[in-house]
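Below are the chains, spelled out letter by letter.
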Amino acid sequence: SKCFISGAEACGRERGGTNMRMYDIINKKKHGEHFTKEEIQFWVEGYTRGQIPDYQVSALLMAICFQGMNEEETLALTLAMRDSGEALDLSKITGIKVDKHSTGGVGDKTSLVLTPMIAALGIPVAKMSGRGLGHTGGTIDKLECFPGFSTELSEEKFYETVNQTKMAIMSQTANLAPADQKLYALRDVTATVDQISLIAASIMSKKLAANADAIVLDVKTGNGAFMKSEEDAFALAREMVRIGQNAGKQISAVITDMDQPLGAAVGNSLEVKEAILALNGLGPKDIMEVVYGLGTELVLAAGKAEYPEAAKELLRGTIQSKSALHKFAEFVKAQGGNMDLVYQPELLPVGRIQLQVLNTEEGYVSQILAEEIGLASLALGGGRITKESKIDLSVGILLNKKRGDRVQPGETLATVFANDMEKAKEAYGRVVRAYQFQDKPMAEIPMIKGIVR
């Protein structure tokens, strides 16, 4: 007993002249009590610096999963994680800076369509993005379909590019919210990922460190999303909006459907082609519904329009005039990419093996399990199992039939693009399992479930 107590005291050593011990902090949350701001700063800072061990933070995270955190605790955790590293200084960029974040989905190429539309309206978009991991795709991977394109920008180059072209996308730096990177890695292996306050703090710490004036959050819900139920998606949206408001940001969250892949294309090169089609005015209805919903929030936040319909009209104008398409080409060129491919997307890489998935039933497509399609793309090599995995930009799935479509036996449901026959066969099986059917027509399901402001 004596050895145990002294060991706990050693692991909860005094720092900064305080008498805080990690043991006491764990015990406090275990009994459902609330942290002070100073206690949260103590353990976040100590863990980030390597002064508090994994096993104590693991115990604390599990206690949080069981006991939860209130609004003040969640904000304090978010700000402590934000302040664990460096923040961008967007004061060097002229105008109201906006940013958009998605909680992740399948076929989600929204950023490729939305950001040039917003930039074409003269609203600066200063965006940090990540790479894909698992069955969800990453914006940076898609952009690397353009030879020479780089998101490894210095901060000065980032600011300069936004000022010149009104948009830039850079990869997250190691110094941006490093506490989140350490904590997320630990949550991933201790079954503590799915706690609302921890999810919200993780997302918002990075968004606040990126320091945009206005933020719109695309919170996905459904089979292919992290938040499977609408109830959980709305709870997460409300939590993140509260954090943003308490941190002094203009923020809103749009809850969008992910019970089937977004658009028809899943896979990096295929999704870039579809985004270019959208910028040419040929975008699938579901993509454009999400794009206009998110874009309206940003246009209103930037003060470019007073009412939603006026904001939508401005956004439509960027498609009709092709100004968004030309802005996308300018952006690709500014970050070192071959802009010619924006105007000649047929030159983008595509898998040499193409397998058509043929339908065997008569009826209507009732659902396309988005997660299964995402895993099919992953099996082809179009995604990462680990952060070190190399991806094949040319592979993916093109969905010929979507939810609500009437189908006959022998029709093509989807096409698999691959470079390896064994991988193609595995993906083929997953695509077959993803399609669900019913006998009767179904009502159209709205892509936008609601907005939290």
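On a predicted model such as this, the values are computed, not experimentally measured, just so you know.

**Some remarks on the overall build of the protein**
And then number 1: Across its full length, the protein holds 18 helices and 13 strands.
And then number 2: Computed over the C-alpha atoms, the radius of gyration of the protein is 23 Å, within 12% of the 22 Å expected from 2.2 N^0.38 for a compact globule of 453 residues.
And then number 3: Its C-alpha atoms give the protein principal-axis dimensions of roughly 75 × 50 × 40 Å.
And then number 4: Counting contacts in the protein only where the partners sit at least 6 residues apart, residues at least 24 apart contribute 78% of the total.
And then number 5: As presented, the protein carries roughly 18,800 Å² of accessible surface, and 51% of it is formed by carbon and sulfur atoms.

**Comments concerning the nonpolar core**
And then number 1: Of all hydrophobic cores here, the largest spans 74 residues; its most connected members are Met 117, Ile 118, Phe 146, Phe 328, Ile 373, Ile 397 and Val 431.
And then number 2: Of all the elements, helix H13 (residues 285-301) adds the most residues to this core, at 9 residues.
And then number 3: If we ignore the near neighbours within four places in the chain, the residues touching Ile 373 are Val 106, Pro 261, Val 266, Ile 368, Ile 397, Leu 399, Val 431 and Ala 434.

**Here we look at the sheet that holds strand E10 (residues 406-407)**
And then number 1: Sheet architecture is open: 3 strands sit in the order E10-E8-E12, paired in antiparallel fashion. Both outer strands of the open sheet, E10 and strand E12 (435-438), are each paired with one neighbouring strand and no more.
And then number 2: Two elements, strand E8 (residues 363-368) and E12, share 4 bridges in a ladder whose sense is antiparallel. Directly across from Gln 367, in E12, lies its bridge partner Gln 436.
And then number 3: In the packing of helix H18 (residues 421-434) onto the sheet, the strands contacted are E8 and E12, and the crossing angle to E12 comes to about 30°.

**Brief notes about the packing of helix H12 (residues 268-282) against helix H15 (residues 323-334)**
And then number 1: The geometry of H12 relative to H15 is characterised by a closest axis approach of 8 Å and an angle of 145° between their N-to-C directions. Note that H12 runs across H15; the crossing there is left-handed. In contact with Ile 276, Leu 279 and Asn 280 of H12, H15 contributes Ala 324, Leu 325 and Phe 328.
And then number 2: Looking at the contact of H12 with H15 residue by residue, the class counts come to 5 nonpolar, 1 polar and no charged.

The rules behind the values
Residues numbered from 1 in each chain as written. Predicted model: local features only at pLDDT ≥ 70, side-chain atom pairs only at ≥ 80, totals over all residues. Heavy atoms only, no water. Helix = DSSP H or I, 4+ residues; strand = E, 2+ residues; numbered from the N terminus. Rg over C-alpha atoms; globule rule 2.2 N^0.38 Å. Contact = heavy atoms within 4.5 Å. Areas by Shrake-Rupley, 256 points an atom, 1.4 Å probe, with all protein chains shown as cover. Core = buried A, V, L, I, M, F, W, Y, C linked by side-chain atoms within 4.5 Å. Buried < 20%, exposed > 50% of the residue type's maximum accessible area, 1.4 Å probe, protein only. Pairing = 2+ DSSP bridges. Axes fitted to C-alpha atoms, helices over the stretch in contact; angles between N-to-C directions. Left-handed = near helix turned anticlockwise from the far one by under 90°. Nonpolar A, V, L, I, M, F, W, Y, C, P; charged D, E, K, R; others polar.

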